[in-house]
Amino acid sequence: MLRYMVKKLLSLAVSLVVASAVIFLALEVVPGDPAANMLGINAQEETLAALREELGLDRGPVARYADWVGGMLVGDFGTSYTYRTPVSEMIADRVVVSLPLALYALALSTLVAIPAGIWAAARRGSGVDLGVMGLTQLGVAIPNFWFAMLMVLIFAINLRWFSAGGFAGWDAGVGPAMHSLTLPAVALALPQAAILTRVMRSALLDTLGEDFIRTARAKGLTRGQTLWRHALRNALIPVLTIIGLQFSFLIAGAIIIENVFFLPGLGRLVFQAISARDLIVVESVVMLLVFAVIMVNFVVDLTYAAVDPRLRRSR
Amino acid sequence: MTLLRIDKLDMNVHGLPILREVSLAVAAGQIVGVIGESGSGKSMTALSVMQLLPRGAHCTGRITLAGQEVLTLSEPALCRVRGRDAGMVFQEPMTALNPLQTIGAQVAETILVHERVTRAEAMERAADALTRAELPPGRFPMSRYPHELSGGQRQRVVIAMAIALRPKLLIADEPTTALDVITQAEILDLLKRLVREEGMGLMLISHDLAVVADMADEIVIMRDGEVVESGAAGWLLDNMRHPYSRALLAASSHQPERPVEAPSDVLLDVRGVVRDYAIRRKGWWGGDGAFRAVNDVSFQLRKGESLGLVGESGCGKSTLTRAILGLESVQGGEIRAFGHSVGRGFPNALRAGIQVVFQDPYGSFNPRWKVARLVAEPFHLMAARPDDWRDRVARVLTDVGMEPDAMDRYIHEFSGGQRQRIAIARALILRPEILILDEAVSALDVSIRAQILDLLARLQGEYGLSYLFISHDLSVVQSITDRVLVMQAGEIVEQGETAQVFDAPQHDYTRKLIAAAPRLATEAERKA
């Protein structure tokens, strides 16, 4: 088990180094002069020179890369060119919205999808199964921004249960903050839950067809006992994989929903930074997102090992 | 006392009849062998007793198990019967256990679902059951997971689960078909001992008459969902009346007629071949380990000869085969075919001279291709596909006993035996000199196997073929080869004329293999 963890940690470190190098190369080295890119074609020569100095472009790329990575390791992400504030502060402001939103959406989707998938699989071919499968078809097909606007129309404008957008902030307390994240979380969770339900159902049906399920039935276990004790845990591996992918997506991919609900999240920050050509912010936020994705995958790998004894021995 | 009585059992699945008027009985302490080829309904009969049938199955008739009418029981009542009154052992030990639970927990579960006992007590009794199945927890801790055990050991765990509550009836459905001969003999001994010591009734299902004939008290022969003949084992073998039973008996000791031809030139020369596989390092700073799958193997195959290669799974037979086909590099020695070294630079024209037929007639064809394209595939070894390729395909299909119009059909339309004929046709299309048969008849029913062996014997003369016949089945090797190599742990431990090796084996391992192989006594031996 220790060997498995160390191996996964090593691959995590390698992934981070490679990802940071790729991001750095793509944004700072390859397309010519970053200062010119940030300021656009009408920039004055003095402004360009000032920015070049600020970015330290007079030094070699290796030294700049080392500075960038070294800075991130101690929490210094540089200063935003457009906002003139430390990027770390901007990210911190946004993470407290994006991360809870992603977790909230993931919790909703998992809490709905796993029972629904199990229910459909246990009653394969019945009305329940057909109903659940039909709903997931809809859930996958409906664009989530459209669903978000529909919810705003119903729950914010007509029923007035929720506000139509904005974030209450954590200072106001957990209740109001979560309240303002509810509609966006539901909108984000809908397609995820639909996909996850289908994965849970098909994984469970595959497992229920395995030989060891028949062995368990021959021991005298009821259908239900067989499902809970033997099939479910075996069916979890594909489900965990999808949950990991979905969480990574939710952290970074909520741009549209954040825009619909006017939420100050990371997705909007990247979007704004790209529009403003603020390379310093883009580079740092992208790196942070990559870090999050890699960490999530690491956690998923550890969960695999917790579920499946065969993986505890590294090969 | 009759433990299990099946009376005029009819079973259909969604209206399709599967079993017709099946009747049989098992008494306490008795072993009843149920024999039949695939599709004969033997497994379905067993699953009917447990009522673990596929969806849409419907039974009529009577099944009486330990005084209870099985077909009238409710599902909860059936759950109480399964595992307590009747235990079941299945064919495939590799997949019959839950990979995520320890073997101790899985055996204890049988006890926990039926009796109100503490977990500790259940584990204690599980340890006892594992000991009875000859897997004592002292040597095989109950905290092991299935993937840490071999196939034979896993089958013992399945048996321990089935006998944990000392059921009155044990049903074993092809319990040794997936195992090696030596392991098979051990598992059969274990089952026999359990029946004798614990007074259980055993319903032993097999396609192999030899496996059952040795240990059964009664034999039931099934075909197409019906019992064709049954009776006391010793008596039945001598007094078979039904033509099918006789055909089955004849097929299982079938001796194909082979052309006699003096072997001449050496076609294949294997000299001191070594194949190593890298394995994971030992410890953090240990060097890379290596596993020697094939160790200093040498032999020759001459023109017109039929050479057997026997050994248990994992002995290196398949690795050696792949090396001969040039699919694996070797770390030592040399393999020469037709005077050239196999491997990089081996000319395609010569490569066409060595063809192979694999075991699985289901998995070795692309399901989306028509037979014509499947059989013609080896033509890619030639510079251009000949213009008359369809004629050649038709001819070779006729040679293997198929109709030429099979060409325009897909592989799923054919039975296992027909598929194996098509595989042989594919191997013969380039008119090779060497044909490697890697467990080519192991997945087939006895009667089909006899037909394919006849076919191979005939083709050997017609095509002037040399065979390298790889199998774990000694009776097949004995019937079709001139010489035999015995392989153990990567080494050839014995080689010689087939008859000589079988009659007077020199090496201990060969003796063990021959002793373990189930064999039908000849009529003379039975009378003696």
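The rules behind the values
Residue indices begin from 1 for each chain and proceed along its sequence in written order. As a convention, the first chain written is A and the first ligand written is 1, with the rest following in written order. Local features in this predicted model are restricted to residues whose pLDDT is 70 or higher, and side-chain atom pairs enter the listing and the counts only when it is 80 or higher, whereas totals over whole chains, interfaces and linings include all residues. Water and hydrogen atoms play no part in the side-chain values, which are based on all heavy atoms of the structure. These domain limits were set by an automatic method or by a database of domain assignments. In this analysis, two residues are considered to be in contact whenever any of their non-hydrogen atoms come within 4.5 Å of each other. Here the quantity called buried area is the total loss of accessible area, with a 1.4 Å probe, experienced by two parts when brought into contact, counted for both. Think of a salt bridge as a Lys or Arg side-chain nitrogen and an Asp or Glu carboxyl oxygen that are within 4 Å of each other. Think of it this way: DSSP has to see at least two bridges between two strands before they count as a pair. A run of H or I in DSSP becomes a helix once it reaches four residues, and a run of E becomes a strand once it reaches two; helices and strands are each numbered from the N terminus. Angles run from 0 to 180 degrees between N-to-C directions of axes, and those axes are lines fitted to C-alpha atoms, restricted for helices to the stretch in contact. Working definition: with a 1.4 Å probe on protein chains only, accessible area under 20% of the residue-type maximum means buried, over 50% means exposed, and in between means partly exposed. Arc, as used here, means the arc of the directions from the helix axis to the C-beta atoms. For a crossover, the right-handed case is the one in which the path from the first strand over the helix to the second runs clockwise, viewed with the strands pointing away from the viewer. Each patch is built from residues that are more than 30% exposed by relative accessible area and take part in no salt bridge. Like charges join if they lie within 9 Å; nonpolar side chains (Val, Leu, Ile, Met, Phe, Trp, Tyr) join within 5 Å. For accessible areas, the Shrake-Rupley method is used with a probe of radius 1.4 Å. Any residue's cover is judged against the shown protein chains and nothing else. Here a polar contact is taken to be a pair of N or O atoms separated by no more than 3.5 Å, where protein atoms must pair a possible hydrogen donor with a possible acceptor and residues adjacent in sequence count only if both atoms sit in side chains. In this classification, Asp, Glu, Lys and Arg are treated as charged, Ala, Val, Leu, Ile, Met, Phe, Trp, Tyr, Cys and Pro as nonpolar, and every other residue, Gly included, as polar. The aromatic pairing rule takes the rings of Phe, Tyr and Trp, using the six-membered ring of Trp, and pairs them if the centres are within 6.5 Å, calling planes under 30 degrees apart stacked, those over 60 edge-to-face and the rest tilted. When the NZ atom of lysine or the CZ atom of arginine is within 6 Å of a ring's centre and also within 35 degrees of its normal, the charge is said to sit over that ring. Any two cysteine sulfur atoms lying within 2.5 Å of each other are counted as a disulfide. For classification purposes, angles smaller than 35 degrees are called roughly parallel, those larger than 145 roughly antiparallel, those between 65 and 115 roughly perpendicular, and all remaining angles oblique. Should the near helix be turned anticlockwise from the far one by less than a right angle, the crossing is left-handed, and should it be turned clockwise, the crossing is right-handed.

All names here are of chain A. We note that the domain assignment places domain 1 (2-73) and domain 2 (91-311) within chain A. Of note, the centres of domain 1 and domain 2, computed from C-alpha atoms alone, are 32 Å apart. Each side of the interface is counted separately: domain 1 has 20 residues, and domain 2 has 20 residues. Contact with domain 2 buries area across many residues of domain 1, yet Tyr-4, Leu-27 and Met-38 alone supply 32% of it, more than any other trio. Applying the counting rule to domain 1 against domain 2 returns one salt bridge.

What follows deals with the sheet that holds strand β16 (residues 354-357) of chain B. Residue and element names in this part refer to chain B. The sheet built from six strands is open, its strands ordered β16-β17-β18-β13-β19-β20 with mixed pairing. Two strands in the sheet have a free side with no partner beyond their single neighbour: β16 and β20 (491-497). Strand after strand, the sheet turns through a mean of 15° between neighbouring axes, direction not considered. Relative to strand β18 (residues 466-471), helix α15 (residues 446-463) is tilted by about 155°, and along the sheet it contacts β13 (306-310), β17 (434-438) and β18.

On to helix α3 (residues 45-55) of chain A. Residue and element names in this part refer to chain A. For α3, every residue scored as buried is listed here: Leu-48, Leu-51 and Leu-55. For α3, the angular spread of buried residues about the axis comes to 65°, placing them on one side. Residues of α3 that are exposed and angled more than 90 degrees away from the buried face: Glu-45, Glu-46 and Glu-53. Just downstream of α3, Gly-56 is the residue with a positive phi angle, here 70°.

On any regular strand, side chains alternate: one points to one face of the sheet, the next to the other face. Residue and element names in this part refer to chain B. Strand β8 (residues 201-206) sits mainly inside the fold: six of its six residues count as buried. With five bridges joining them, strand β3 (residues 31-35) and β8 adopt parallel strand pairing. Within β8, the position partnered with Val-34 by the bridge is Ile-205. As defined by bridge partners, strand β7 (residues 169-173) adjoins β8 across five bridges and the pair is classed as parallel. The residue of β8 that forms the bridge with Ala-172 is Leu-204. Once the chain exits β7 it traverses helix α6 (residues 181-198) before rejoining the sheet at β8, and the crossover so formed is right-handed.

So, on to a nonpolar patch on the surface. A cluster of nonpolar side chains, namely Phe145(A), Trp146(A), Met149(A), Leu150(A), Leu153(A), Ile154(A), Ile157(A), Leu159(A), Trp161(A) and Ile256(A), defines an oily patch on the protein surface of about 950 Å² accessible area. Within the element layout of this structure, Trp161(A) appears in the loop between α7 (144-158) and α8 (174-208).

All names here are of chain B. Considered domain by domain, chain B is made up of domain 1 (2-252) and domain 2 (302-328 + 347-519). Here domain 1 and domain 2 have C-alpha centroids that lie 33 Å from each other. Residue-level contacts link 16 residues of domain 1 with 15 residues of domain 2. Summed over both sides, the interface of domain 1 with domain 2 buries roughly 1,400 Å², with 59% coming from carbon and sulfur. Where domain 1 packs against domain 2, one counts zero salt bridges. Linking domain 1 with domain 2 are two residue pairs in polar contact (both at pLDDT 80 or more). Sorting the residues of the side of domain 1 that touches domain 2 by element identifies α6, α7 (209-215) and α9 (243-252) as the ones contributing at least two each. No other element matches the five residues that α6 contributes to the side of domain 1 that touches domain 2. Class assignment of the residues belonging to the side of domain 1 that touches domain 2 gives a composition of seven nonpolar, five polar and four charged.

With that out of the way, let us pick up the packing of aromatic side chains. Under the counting rule described, the total for this entry stands at four aromatic pairs over all chains. Aromatic side chains Phe24(A) and Tyr65(A) sit 5.3 Å apart centroid to centroid with 65° between the ring planes, which places their arrangement in the edge-to-face category. Of the two residues, Phe24(A) sits in helix α1 (residues 2-29) while Tyr65(A) sits in helix α4 (residues 61-73), which places them 41 residues apart along the sequence. The partly exposed category is assigned to Tyr65(A), whose relative accessible area is 22%. Through a chain of ring-to-ring contacts, the aromatic side chains of Phe24(A), Tyr65(A) and Trp68(A) assemble into a single cluster. Directly above the ring of Tyr277(B) sits Arg275(B), whose terminal nitrogen or CZ lies 4.4 Å from the centroid. The aromatic ring of Tyr463(B) is capped on one face by Arg431(B), whose charged end is 4.4 Å from the ring centroid.

Okay, the state of the cysteines next. Residue and element names in this part refer to chain B. The tally for this structure, following the rule as stated, stands at zero disulfides over all chains. Just so you know, Cys-59 is unpaired, no disulfide at all, and the nearest cysteine sulfur is the one on Cys-79, 16 Å from it. What makes Cys-59 buried here is its relative accessible area of 14%.

Residue and element names in this part refer to chain B. Following both chains from N to C, one finds helix α14 (residues 416-428) and α15 inclined at 20°, their axes separated by 10 Å at the closest point. The orientation of α14 relative to α15 falls into the category roughly parallel. The way α14 lies across α15 gives a crossing that is right-handed. Contacts between α14 and α15 involve Gly-417, Gln-420, Arg-421, Ile-424 and Leu-428 on the former and, on the latter, Ile-448, Gln-451, Ile-452, Leu-455, Leu-456, Leu-459 and Tyr-463. Looking at the contact of α14 with α15 residue by residue, the classes come out as eight nonpolar, three polar and one charged.

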